[in-house]
Amino acid sequence: MLADKAMELIKELHRCKDTLQPLKEDVMQQVMEEMKALFEENQKDVAESVNEDVQLHTSIQFRHSVLLRNKRCLLAYLYNRLEQIRDMRWAFGSALPSDISQSLSESEMEWFQNYSRIVATYMSTIGGGIGTDLFENLQPPKSLFIQVRCLCDYGDFETDDGTIIVLTKNSTHLMQRSQCEKLIHQGILEHITM
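Owing to the predicted nature of the structure, the values given are computational and were not obtained by experimental measurement.

Basis of the calculations
Residues numbered from 1 in each chain as written. Predicted model: local features only at pLDDT ≥ 70, side-chain atom pairs only at ≥ 80, totals over all residues. Heavy atoms only, no water. Phe/Tyr/Trp six-rings, centres within 6.5 Å; stacked < 30°, edge-to-face > 60°. Helix = DSSP H or I, 4+ residues; strand = E, 2+ residues; numbered from the N terminus. Buried < 20%, exposed > 50% of the residue type's maximum accessible area, 1.4 Å probe, protein only. Axes fitted to C-alpha atoms, helices over the stretch in contact; angles between N-to-C directions. Left-handed = near helix turned anticlockwise from the far one by under 90°. Contact = heavy atoms within 4.5 Å. Nonpolar A, V, L, I, M, F, W, Y, C, P; charged D, E, K, R; others polar. Pairing = 2+ DSSP bridges. pLDDT = per-residue confidence, 0-100. 1 Å grid on protein atoms, 1.4 Å probe; cavity = no way out; pocket = protein on both sides within 12 Å on 5 of 7 lines; lining within 4 Å. Points joined across faces, edges and corners; volume = space filled by probe spheres on them. Salt bridge = Lys/Arg side-chain N within 4 Å of Asp/Glu carboxyl O.

Let us now look at the packing of aromatic side chains. A complete count under the given rule lists one aromatic pair for this structure. Between Trp111 and Tyr115, the aromatic rings sit 5.3 Å apart at their centres with planes inclined by 5 degrees, giving stacked as the arrangement. Note that Trp111 and Tyr115 are positioned in helix α5 (residues 106-125) at a spacing of four residues, about one turn of the helix. The buried category is assigned to Tyr115, whose relative accessible area is 19%.

Now the structure itself:
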């Protein structure tokens, strides 16, 4: 039946919303072959329609509608896959797990690499060329200041506004989240949750 293969692609999107299945290139090829056959039939009928045959015009319009539907289904399928790949870049970073990368076609993998490069370039230009890691805090912080405990004797730490904080073992401080995150990742400070 007409447009069955195109609908198969759309149904797969709904079945597998949370996972990325391998690209259905064979089904896409069948849809494109169907579209080509419909287009050629329309071209032939248009060339032969010298008189005003209403039935012939109805057939041409029907085939054209099926062509447009197939096109919309293919575009929706591909667009949805690209959205999933983009979301995976934000979830996993620039290195995808092997099971996901195996589900990508060669052109999708190339798109992912180009997208990663664009995001990295953009992040390096934020803040007057200093750069900002947009992947650091994907969830907005509840507060700008957090309470931290120093795990070792670190010494003097100068904040962005020039204030000197002496970080000694077991001392607690209320600091801006942005200024102490690197020290937390290095294991010098720990975030105290209440």
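This brings us to the packing of helix α1 (residues 4-15) against helix α2 (residues 25-48). Running from N to C, α1 and α2 point in directions that differ by 145 degrees, and their axes come no closer than 8 Å. Crossing handedness for the pair α1 and α2: left-handed. Across from Lys5, Ala6, Glu8 and Leu9 in α1, the residues of α2 making contact are Val27, Met28, Gln30 and Val31. The class makeup of the residues in the contact of α1 with α2 is five nonpolar, one polar and two charged.

Strand order in the open sheet formed by three strands is β4-β1-β5, and the pairing between neighbours is antiparallel. Where the open sheet ends on each side, the last strands, each with one partner, are β4 (172-176) and β5 (189-191). Sheet twist, expressed as the average angle between the axes of neighbouring strands with direction ignored, equals 45 degrees. Where strand β1 (residues 145-150) meets β4, five bridges bridge the pair, whose relative direction is antiparallel. Note on β4: the bridge partner recorded for Val148 is His173.

Per-residue confidence for the chain gives a mean pLDDT of 87, with 96% of residues at or over 70. By mean pLDDT, helix α6 (residues 177-186) is the weakest element of the chain at 84, and α5 is the strongest at 92.

The residue Glu41 is located in helix α2 in this model. Judged by its relative accessible area of 37%, Glu41 is partly exposed. In sequence terms Glu41 and Arg63 are 22 residues apart; their C-alpha atoms lie 8.4 Å from each other.

In this structure, Ala3 is a non-glycine residue whose phi angle is positive, near 65 degrees. Tracing the backbone shows Ala3 in the segment before α1.

So, about empty space enclosed by the protein. For the structure shown, the criterion picks out one cavity of 30 Å³ or more. Volume-wise, the largest cavity comes out at about 70 Å³. Taken together, Glu12, Leu13, Cys16, Thr19, Leu20, Gln21, Tyr77, Asn80, Arg81 and Gln84 form the lining of the largest cavity. Taken together, the elements giving at least two residues each to the lining of the largest cavity come down to α1 and α3 (54-92). At four residues, α3 tops the list of elements feeding residues into the lining of the largest cavity. Here the residues of the lining of the largest cavity sort into four nonpolar, four polar and two charged.

All chains considered together, the criterion is met by seven salt bridges. Asp45 is paired through a salt bridge with Arg63; the nearest N and O atoms lie 2.2 Å apart. Placement of Asp45 in helix α2 and of Arg63 in helix α3 is noted, with a sequence separation of 18 residues between them. Overall, Asp45 belongs to the buried group, its relative accessible area being 10%.

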